[in-house]
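# Chains, contacts and geometry: an overview
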Amino acid sequence: TMDGRNNTNVSHFILMGLTDSEEIQLVLFTLFLLIYLTSVLGNAGMILIIRLDLQLHTPMYFFLSHLSFLDLIYSNVITPKTLENLLTSTKYISYISCFTQMYFFTFLGSTECFLLSSMAYDRYVAICNPLHYPVLMSKGLCCSLTFGSYFLGFINSIINALCMSRLRFCDSNVIHHFFCDTSPILALSCTDTQDIEIMIFIFAGSTLMVSVITICVSYLAILSTVLKITSTSGKQKAFNTCASHLLGVTIFYGTMIFTYLKPRQSYALGKDQVASVFYAIVIPMLNPLIYSLRNKEVKNALIRVMQKTEGFRLLK
(Lines give C-alpha, C1' and ligand atoms only; values in the text may rest on other atoms or scores of the structure.)
Protein backbone atom coordinates (compact mmCIF):
# COMPACT_ATOMS: atom_id res chain seq x y z
CA THR A 1 0.00 0.00 0.00
CA MET A 2 1.16 3.55 -0.73
CA ASP A 3 2.11 5.99 1.98
CA GLY A 4 -0.70 8.44 2.68
CA ARG A 5 0.69 11.40 0.75
CA ASN A 6 -2.02 13.89 -0.04
CA ASN A 7 -3.28 14.10 -3.63
CA THR A 8 -0.46 12.17 -5.32
CA ASN A 9 -1.17 9.73 -8.08
CA VAL A 10 -0.07 6.10 -7.91
CA SER A 11 2.16 4.36 -10.48
CA HIS A 12 0.56 0.95 -10.01
CA PHE A 13 -2.28 -0.90 -8.28
CA ILE A 14 -2.58 -4.17 -6.39
CA LEU A 15 -5.52 -6.36 -7.45
CA MET A 16 -6.70 -8.16 -4.33
CA GLY A 17 -8.31 -10.87 -6.41
CA LEU A 18 -10.95 -13.34 -5.34
CA THR A 19 -9.37 -15.23 -2.45
CA ASP A 20 -6.26 -15.45 -0.23
CA SER A 21 -6.35 -19.25 -0.03
CA GLU A 22 -3.65 -20.84 -2.22
CA GLU A 23 -5.69 -24.05 -2.64
CA ILE A 24 -8.74 -22.13 -3.88
CA GLN A 25 -6.51 -19.99 -6.13
CA LEU A 26 -5.19 -23.15 -7.80
CA VAL A 27 -8.73 -24.50 -8.31
CA LEU A 28 -9.85 -21.13 -9.74
CA PHE A 29 -6.77 -20.99 -11.99
CA THR A 30 -7.59 -24.42 -13.47
CA LEU A 31 -11.28 -23.55 -13.88
CA PHE A 32 -10.63 -20.11 -15.44
CA LEU A 33 -7.96 -21.55 -17.77
CA LEU A 34 -10.45 -24.15 -19.07
CA ILE A 35 -13.12 -21.44 -19.50
CA TYR A 36 -10.63 -19.16 -21.25
CA LEU A 37 -9.47 -21.87 -23.69
CA THR A 38 -13.09 -22.86 -24.43
CA SER A 39 -13.96 -19.19 -24.96
CA VAL A 40 -11.05 -18.52 -27.35
CA LEU A 41 -11.57 -21.74 -29.33
CA GLY A 42 -15.38 -21.36 -29.37
CA ASN A 43 -15.40 -17.75 -30.57
CA ALA A 44 -12.54 -18.17 -33.06
CA GLY A 45 -14.22 -21.35 -34.34
CA MET A 46 -17.56 -19.54 -34.73
CA ILE A 47 -15.94 -16.70 -36.73
CA LEU A 48 -14.13 -19.26 -38.93
CA ILE A 49 -17.25 -21.37 -39.64
CA ILE A 50 -19.32 -18.27 -40.51
CA ARG A 51 -16.57 -17.06 -42.89
CA LEU A 52 -16.01 -20.45 -44.54
CA ASP A 53 -19.64 -21.54 -45.01
CA LEU A 54 -21.54 -19.57 -47.67
CA GLN A 55 -24.94 -20.63 -46.31
CA LEU A 56 -24.17 -18.67 -43.13
CA HIS A 57 -23.55 -15.43 -45.04
CA THR A 58 -26.82 -13.93 -43.73
CA PRO A 59 -27.48 -10.82 -41.56
CA MET A 60 -28.01 -12.92 -38.40
CA TYR A 61 -24.63 -14.65 -38.74
CA PHE A 62 -22.94 -11.42 -39.80
CA PHE A 63 -23.93 -9.95 -36.41
CA LEU A 64 -23.05 -13.20 -34.68
CA SER A 65 -19.50 -13.17 -36.13
CA HIS A 66 -19.04 -9.66 -34.66
CA LEU A 67 -20.45 -10.83 -31.32
CA SER A 68 -17.89 -13.66 -31.33
CA PHE A 69 -15.14 -11.18 -32.26
CA LEU A 70 -16.11 -8.94 -29.30
CA ASP A 71 -16.18 -11.93 -26.94
CA LEU A 72 -12.81 -13.11 -28.22
CA ILE A 73 -11.17 -9.76 -27.39
CA TYR A 74 -13.24 -9.45 -24.20
CA SER A 75 -11.86 -12.69 -22.76
CA ASN A 76 -8.30 -11.56 -23.63
CA VAL A 77 -8.74 -8.23 -21.83
CA ILE A 78 -9.44 -9.70 -18.38
CA THR A 79 -8.80 -13.45 -18.10
CA PRO A 80 -5.00 -13.64 -18.85
CA LYS A 81 -4.20 -11.05 -16.15
CA THR A 82 -6.57 -12.80 -13.71
CA LEU A 83 -4.82 -16.13 -14.43
CA GLU A 84 -1.42 -14.51 -13.86
CA ASN A 85 -2.56 -13.00 -10.54
CA LEU A 86 -3.90 -16.35 -9.33
CA LEU A 87 -0.38 -17.79 -9.71
CA THR A 88 1.68 -14.88 -8.36
CA SER A 89 1.81 -13.32 -4.91
CA THR A 90 2.37 -9.70 -6.07
CA LYS A 91 -0.93 -9.22 -8.00
CA TYR A 92 0.57 -6.04 -9.46
CA ILE A 93 -0.92 -4.06 -12.37
CA SER A 94 0.54 -0.80 -13.68
CA TYR A 95 -1.58 2.38 -13.77
CA ILE A 96 -1.58 2.42 -17.60
CA SER A 97 -2.46 -1.31 -17.84
CA CYS A 98 -5.25 -0.87 -15.32
CA PHE A 99 -6.87 2.02 -17.19
CA THR A 100 -6.34 0.29 -20.56
CA GLN A 101 -8.11 -2.80 -19.20
CA MET A 102 -10.97 -0.65 -17.90
CA TYR A 103 -11.24 1.25 -21.22
CA PHE A 104 -11.51 -1.96 -23.30
CA PHE A 105 -13.87 -3.56 -20.79
CA THR A 106 -16.23 -0.54 -21.12
CA PHE A 107 -15.80 -0.34 -24.90
CA LEU A 108 -16.52 -4.04 -25.51
CA GLY A 109 -19.41 -4.15 -23.02
CA SER A 110 -21.11 -1.05 -24.52
CA THR A 111 -20.56 -2.28 -28.10
CA GLU A 112 -22.06 -5.67 -27.19
CA CYS A 113 -25.17 -3.92 -25.80
CA PHE A 114 -25.79 -2.15 -29.12
CA LEU A 115 -24.90 -5.24 -31.17
CA LEU A 116 -27.44 -7.34 -29.22
CA SER A 117 -30.02 -4.58 -29.96
CA SER A 118 -29.18 -4.81 -33.68
CA MET A 119 -29.61 -8.59 -33.51
CA ALA A 120 -33.01 -8.13 -31.82
CA TYR A 121 -34.08 -5.81 -34.67
CA ASP A 122 -32.84 -8.42 -37.18
CA ARG A 123 -34.98 -11.11 -35.48
CA TYR A 124 -37.97 -8.71 -35.48
CA VAL A 125 -37.67 -8.17 -39.26
CA ALA A 126 -37.16 -11.92 -39.88
CA ILE A 127 -40.34 -12.89 -38.00
CA CYS A 128 -42.62 -9.86 -38.54
CA ASN A 129 -41.65 -9.01 -42.15
CA PRO A 130 -40.26 -12.28 -43.61
CA LEU A 131 -41.12 -11.40 -47.24
CA HIS A 132 -39.26 -8.06 -47.07
CA TYR A 133 -36.39 -9.43 -44.97
CA PRO A 134 -33.70 -9.54 -47.74
CA VAL A 135 -34.57 -5.94 -48.76
CA LEU A 136 -34.91 -4.48 -45.24
CA MET A 137 -31.82 -6.21 -43.82
CA SER A 138 -29.53 -5.20 -46.67
CA LYS A 139 -25.76 -5.50 -46.41
CA GLY A 140 -25.54 -1.71 -46.11
CA LEU A 141 -27.91 -1.61 -43.12
CA CYS A 142 -26.10 -4.51 -41.41
CA CYS A 143 -22.74 -2.73 -41.82
CA SER A 144 -24.24 0.57 -40.60
CA LEU A 145 -25.76 -1.06 -37.49
CA THR A 146 -22.48 -2.83 -36.71
CA PHE A 147 -20.38 0.30 -37.27
CA GLY A 148 -22.87 2.28 -35.15
CA SER A 149 -22.51 -0.27 -32.33
CA TYR A 150 -18.70 0.05 -32.33
CA PHE A 151 -18.87 3.85 -32.64
CA LEU A 152 -21.31 4.29 -29.72
CA GLY A 153 -19.25 1.85 -27.64
CA PHE A 154 -16.14 3.88 -28.46
CA ILE A 155 -17.81 7.20 -27.47
CA ASN A 156 -19.08 5.69 -24.20
CA SER A 157 -15.66 4.27 -23.27
CA ILE A 158 -13.79 7.48 -24.19
CA ILE A 159 -16.10 9.54 -21.92
CA ASN A 160 -15.70 6.93 -19.17
CA ALA A 161 -11.87 7.02 -19.55
CA LEU A 162 -11.75 10.85 -19.54
CA CYS A 163 -13.90 10.99 -16.40
CA MET A 164 -11.83 8.32 -14.62
CA SER A 165 -8.51 9.95 -15.58
CA ARG A 166 -9.43 12.93 -13.37
CA LEU A 167 -9.33 10.74 -10.24
CA ARG A 168 -6.50 11.01 -7.71
CA PHE A 169 -5.32 8.19 -5.42
CA CYS A 170 -3.52 9.00 -2.20
CA ASP A 171 -4.37 6.67 0.69
CA SER A 172 -4.22 3.25 -0.93
CA ASN A 173 -3.52 1.51 -4.23
CA VAL A 174 -5.25 -1.77 -3.33
CA ILE A 175 -8.22 -2.56 -5.61
CA HIS A 176 -10.70 -4.92 -3.95
CA HIS A 177 -11.47 -6.73 -7.17
CA PHE A 178 -9.84 -9.15 -9.61
CA PHE A 179 -9.74 -6.67 -12.51
CA CYS A 180 -9.84 -2.89 -13.06
CA ASP A 181 -13.55 -2.14 -13.06
CA THR A 182 -15.04 1.36 -12.74
CA SER A 183 -16.78 0.95 -9.37
CA PRO A 184 -13.88 -0.41 -7.25
CA ILE A 185 -11.56 2.29 -8.68
CA LEU A 186 -14.11 5.00 -7.85
CA ALA A 187 -14.30 3.57 -4.33
CA LEU A 188 -10.49 3.79 -4.05
CA SER A 189 -10.16 7.44 -5.11
CA CYS A 190 -9.54 10.15 -2.52
CA THR A 191 -11.10 12.93 -4.66
CA ASP A 192 -14.80 13.79 -4.64
CA THR A 193 -16.24 11.41 -7.24
CA GLN A 194 -19.86 12.61 -7.25
CA ASP A 195 -19.68 14.55 -10.57
CA ILE A 196 -17.75 11.73 -12.25
CA GLU A 197 -20.23 9.12 -11.00
CA ILE A 198 -23.17 11.18 -12.34
CA MET A 199 -21.49 11.51 -15.79
CA ILE A 200 -20.68 7.79 -15.96
CA PHE A 201 -24.18 6.88 -14.72
CA ILE A 202 -25.82 9.09 -17.40
CA PHE A 203 -23.81 7.58 -20.28
CA ALA A 204 -23.85 3.97 -19.03
CA GLY A 205 -27.54 4.33 -18.15
CA SER A 206 -28.33 5.72 -21.63
CA THR A 207 -26.50 2.80 -23.27
CA LEU A 208 -28.41 0.31 -21.16
CA MET A 209 -31.80 2.02 -21.60
CA VAL A 210 -31.53 2.44 -25.40
CA SER A 211 -30.44 -1.17 -25.92
CA VAL A 212 -32.95 -2.67 -23.44
CA ILE A 213 -35.86 -0.63 -24.90
CA THR A 214 -34.89 -1.67 -28.47
CA ILE A 215 -34.74 -5.34 -27.43
CA CYS A 216 -38.03 -5.18 -25.47
CA VAL A 217 -39.93 -3.41 -28.29
CA SER A 218 -38.56 -5.91 -30.85
CA TYR A 219 -39.56 -8.90 -28.73
CA LEU A 220 -43.04 -7.51 -27.93
CA ALA A 221 -43.63 -7.17 -31.69
CA ILE A 222 -42.25 -10.72 -32.21
CA LEU A 223 -44.50 -12.09 -29.44
CA SER A 224 -47.54 -10.36 -30.95
CA THR A 225 -46.75 -11.88 -34.39
CA VAL A 226 -46.06 -15.37 -32.97
CA LEU A 227 -49.40 -15.37 -31.07
CA LYS A 228 -51.22 -14.73 -34.38
CA ILE A 229 -49.66 -17.83 -35.98
CA THR A 230 -52.26 -20.61 -35.91
CA SER A 231 -50.12 -23.71 -36.48
CA THR A 232 -48.03 -25.15 -33.64
CA SER A 233 -45.14 -25.94 -36.02
CA GLY A 234 -45.17 -22.32 -37.24
CA LYS A 235 -45.01 -21.02 -33.66
CA GLN A 236 -42.20 -23.50 -32.90
CA LYS A 237 -40.22 -22.38 -35.95
CA ALA A 238 -40.64 -18.69 -35.05
CA PHE A 239 -39.60 -19.37 -31.46
CA ASN A 240 -36.51 -21.34 -32.57
CA THR A 241 -35.50 -18.39 -34.79
CA CYS A 242 -34.97 -16.13 -31.78
CA ALA A 243 -34.49 -18.56 -28.83
CA SER A 244 -30.66 -18.45 -28.89
CA HIS A 245 -30.59 -14.65 -29.03
CA LEU A 246 -33.17 -14.33 -26.24
CA LEU A 247 -31.18 -16.69 -24.01
CA GLY A 248 -27.94 -14.79 -24.73
CA VAL A 249 -29.60 -11.44 -24.00
CA THR A 250 -31.16 -12.69 -20.74
CA ILE A 251 -27.82 -13.96 -19.40
CA PHE A 252 -25.86 -10.86 -20.53
CA TYR A 253 -28.28 -8.24 -19.18
CA GLY A 254 -29.26 -10.27 -16.13
CA THR A 255 -25.69 -10.47 -14.82
CA MET A 256 -24.87 -6.90 -15.88
CA ILE A 257 -27.86 -5.45 -13.99
CA PHE A 258 -27.09 -7.65 -10.96
CA THR A 259 -23.43 -6.54 -11.01
CA TYR A 260 -23.82 -2.82 -11.57
CA LEU A 261 -27.12 -1.74 -10.03
CA LYS A 262 -25.60 -1.78 -6.55
CA PRO A 263 -24.42 0.83 -4.05
CA ARG A 264 -20.73 1.75 -4.42
CA GLN A 265 -19.90 0.55 -0.86
CA SER A 266 -20.42 -3.11 -1.79
CA TYR A 267 -17.45 -2.87 -4.19
CA ALA A 268 -15.26 -1.18 -1.59
CA LEU A 269 -15.80 -4.21 0.65
CA GLY A 270 -14.91 -6.56 -2.20
CA LYS A 271 -18.21 -8.45 -2.05
CA ASP A 272 -20.46 -9.86 -4.77
CA GLN A 273 -17.64 -10.82 -7.13
CA VAL A 274 -19.35 -14.01 -8.29
CA ALA A 275 -21.57 -12.03 -10.67
CA SER A 276 -18.47 -10.17 -11.93
CA VAL A 277 -16.68 -13.47 -12.59
CA PHE A 278 -19.70 -14.68 -14.51
CA TYR A 279 -20.00 -11.42 -16.44
CA ALA A 280 -16.29 -10.94 -17.22
CA ILE A 281 -15.01 -14.51 -17.63
CA VAL A 282 -17.90 -16.97 -18.19
CA ILE A 283 -20.18 -15.04 -20.61
CA PRO A 284 -17.59 -14.83 -23.45
CA MET A 285 -17.53 -18.64 -23.35
CA LEU A 286 -21.33 -19.04 -23.23
CA ASN A 287 -22.27 -17.14 -26.41
CA PRO A 288 -20.66 -19.55 -28.92
CA LEU A 289 -22.08 -22.49 -26.94
CA ILE A 290 -25.60 -20.99 -26.89
CA TYR A 291 -25.57 -20.17 -30.60
CA SER A 292 -23.97 -23.42 -31.75
CA LEU A 293 -25.61 -26.02 -29.47
CA ARG A 294 -29.09 -24.58 -30.00
CA ASN A 295 -28.62 -24.11 -33.71
CA LYS A 296 -28.95 -26.74 -36.44
CA GLU A 297 -27.60 -24.36 -39.11
CA VAL A 298 -24.28 -23.95 -37.26
CA LYS A 299 -24.01 -27.73 -36.68
CA ASN A 300 -24.72 -28.42 -40.37
CA ALA A 301 -22.23 -25.72 -41.41
CA LEU A 302 -19.56 -27.33 -39.20
CA ILE A 303 -20.20 -30.70 -40.88
CA ARG A 304 -19.99 -29.09 -44.35
CA VAL A 305 -16.73 -27.28 -43.50
CA MET A 306 -15.22 -30.53 -42.13
CA GLN A 307 -16.32 -32.47 -45.23
CA LYS A 308 -14.85 -29.76 -47.48
CA THR A 309 -11.55 -29.87 -45.55
CA GLU A 310 -11.53 -33.68 -45.79
CA GLY A 311 -12.23 -33.40 -49.54
CA PHE A 312 -9.26 -31.03 -50.07
CA ARG A 313 -7.03 -33.39 -48.09
CA LEU A 314 -8.07 -36.37 -50.28
CA LEU A 315 -7.47 -34.34 -53.49
CA LYS A 316 -3.89 -33.66 -52.38
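Residues numbered from 1 in each chain as written. Predicted model: local features only at pLDDT ≥ 70, side-chain atom pairs only at ≥ 80, totals over all residues. Heavy atoms only, no water.

## Concerning the overall build of the protein
Formally: Here a helix means four or more residues in a row that DSSP labels H or I, a strand means two or more in a row labelled E, and each is numbered from the N terminus. Per-residue accessibility, obtained with a 1.4 Å probe over protein chains only, is compared with the maximum for each type, and a residue is labelled buried under 20%, exposed over 50%, and partly exposed between these values. Any pair of residues with heavy atoms lying within 4.5 Å of one another is described as a contacting pair. Note on areas: Shrake-Rupley, 1.4 Å probe, and residue coverage restricted to the protein chains presented here.
Counting its secondary structure elements, the protein contains eleven helices and three strands. Traced from its N-terminal end to its C-terminal end, the protein shows the element sequence β-α-α-β-α-α-α-β-α-α-α-α-α-α. The buried share of the protein, taken over its 316 residues, is 46%. When contacts within the protein are restricted to residue pairs at least 6 apart in sequence, those whose partners lie at least 24 apart make up 80%. As displayed, the protein offers around 16,200 Å² of accessible surface, 68% of which is attributable to carbon and sulfur atoms.

## Some remarks on the environment of Ser89
You can see Ser89 is positioned in the loop between α2 (59-87) and β2 (92-94). Judged by its relative accessible area of 74%, Ser89 falls in the exposed class. Each C-alpha atom of the pair Ser89 and Glu22 lies 9.7 Å from the other, and the pair is 67 residues apart in sequence.

## What about the nonpolar core?
For clarity, the cut-off: Buried Ala, Val, Leu, Ile, Met, Phe, Trp, Tyr and Cys residues that are joined via side-chain atoms within 4.5 Å together make up what is termed a nonpolar core.
Within the largest apolar cluster, 58 residues are counted, with the highest numbers of intra-cluster contacts made by Phe32, Leu64, Ile78, Leu116, Phe252, Tyr253 and Tyr291. Broken down by secondary-structure element, the contributors of at least two residues to this core are α1 (22-52), α2, α3 (95-128), α5 (139-164), α7 (194-228), α8 (232-260), α10 (273-293) and α11 (296-315). With eleven residues, the single largest contributor to this core is α2. Among the nonpolar cores identified, the runner-up in size contains 20 residues, and Val10, Leu167, Ile185 and Leu186 belong to it.

## Some words on the pattern of salt bridges
Rule in force here: In the sections that follow, a salt bridge refers to a side-chain nitrogen of Lys or Arg positioned within 4 Å of a carboxyl oxygen of Asp or Glu.
Enumeration according to the criterion identifies three salt bridges in this entry. Among the salt bridges present, the one from Asp53 reaches Arg304, with a minimum N-O distance of 2.9 Å. A residue pair is termed long-range when its members are at least 10 positions apart, and Asp53 in the loop between α1 and α2 and Arg304 in helix α11 qualify at 251 residues. Taking relative accessible area as the criterion, Asp53 reaches 3% and is therefore assigned buried. The partly exposed category is assigned to Arg304, whose relative accessible area is 25%. Between Lys81 and Glu84 there is a salt bridge, with the nearest N and O atoms lying 3.4 Å from each other. Here Glu84 and Lys81 lie together in helix α2, a separation of three residues that amounts to about one turn. Taking the relative accessible area as the measure of exposure, Glu84 reaches 41% and is therefore partly exposed.

## Side note on the sheet that holds β2
In plain terms, the rule: When DSSP finds at least two bridges between two strands, those strands are taken to pair.
Strand order in the open sheet made by the three strands is β2-β1-β3, with mixed pairing throughout. The strands lining the two open edges of the sheet, one partner per strand, are β2 and β3 (174-175). Sheet analysis places strand β1 (residues 12-15) next to β3, joined by two bridges and oriented parallel. Looking across to β3, one finds that Ile14 is bridged to Val174.

## Concerning the state of the cysteines
A covalent bond between the sulfur atoms of two cysteines is referred to as a disulfide. What counts here: Two cysteine sulfur atoms form a disulfide, by the criterion used here, when they sit within 2.5 Å.
Scanning the entire structure with this criterion turns up two disulfides. One disulfide in the model links Cys170 with Cys190; its S-S distance is 2.0 Å. A residue pair is termed long-range when its members are at least 10 positions apart, and Cys170 in the loop between α5 and β3 and Cys190 in the loop between α6 (182-188) and α7 qualify at 20 residues. Relative accessible area serves as the criterion here: at 5%, Cys170 is assigned to the buried category. Classification of Cys190 by relative accessible area gives partly exposed; the value is 31%. The disulfide pattern of the protein is 1-3, 2-4 when the bonded cysteines are numbered in sequence order.

## Considering α5
Just so we agree on the cut-off: For a helix, the expected span equals 1.5 Å multiplied by the number of residues minus one.
An ideal rise of 1.5 Å per residue puts 38 Å on 26 residues; α5 measures up with 37 Å between its terminal C-alpha atoms. Within α5, burial applies to Cys142, Thr146, Ser149, Tyr150, Gly153, Asn156, Ser157, Ile159, Asn160, Cys163 and Met164.

## A short note on the side chain of Asp53
The condition that has to hold: Whenever a nitrogen or oxygen atom comes within 3.5 Å of another N or O atom, the pair is scored as a polar contact, on the condition that within protein one atom can donate a hydrogen and the other can accept it, and that pairs from neighbouring residues in sequence are kept only if both atoms are in side chains.
Within polar-contact distance, the side chain of Asp53 engages the side chain of Arg304 at 2.9 Å. For Asp53, the residues in contact, after removing those within four places along its chain, are Ala301, Arg304 and Val305.

## Considerations on the UniProt feature "transmembrane region" (unreviewed entry) in the protein
To keep things clear, this is the line we draw: UniProt positions are given in the numbering used here, feature names are shortened, and annotations may be inferred rather than shown by experiment.
This chain's UniProt record puts "transmembrane region" (unreviewed entry) on residues 26-49, 61-80, 92-115, 136-159, 198-226, 238-261 and 273-293. Secondary structure content for residues 92-115 is 88% helix and 12% strand, and the end C-alpha separation is 33 Å. For residues 198-226, the end-to-end C-alpha separation is 41 Å, with 100% helix and 0% strand making up the annotated structure.

## What to know about the packing of aromatic side chains
Worth spelling out the cut-off: Working definition: rings of Phe, Tyr and Trp (its six-membered ring) pair if their centres are within 6.5 Å, and the pair is stacked with planes under 30 degrees apart, edge-to-face with planes over 60 apart, and tilted otherwise.
Here the structure, examined in full by the defined rule, presents 16 aromatic pairs. With a centroid separation of 6.3 Å and an interplanar angle of 5°, the aromatic rings of Tyr103 and Phe107 are classed as stacked. Taken together, the positions of Tyr103 and Phe107, both in helix α3 and four residues apart, correspond to about one turn of that helix. Like Tyr103, the residue Phe107 is buried in the burial classification. Measuring from centroid to centroid gives 5.9 Å for Phe252 and Tyr279, while their planes differ by 40°, and the two rings are tilted. Placement of Phe252 in helix α8 and of Tyr279 in helix α10 is noted, with a sequence separation of 27 residues between them. For the pair shown, Phe252 and Tyr279 are each scored as buried. Among the aromatic residues, those joined into a cluster by ring pairs are Tyr74, Phe105, Phe178, Phe179, Phe252, Tyr253 and Tyr279.

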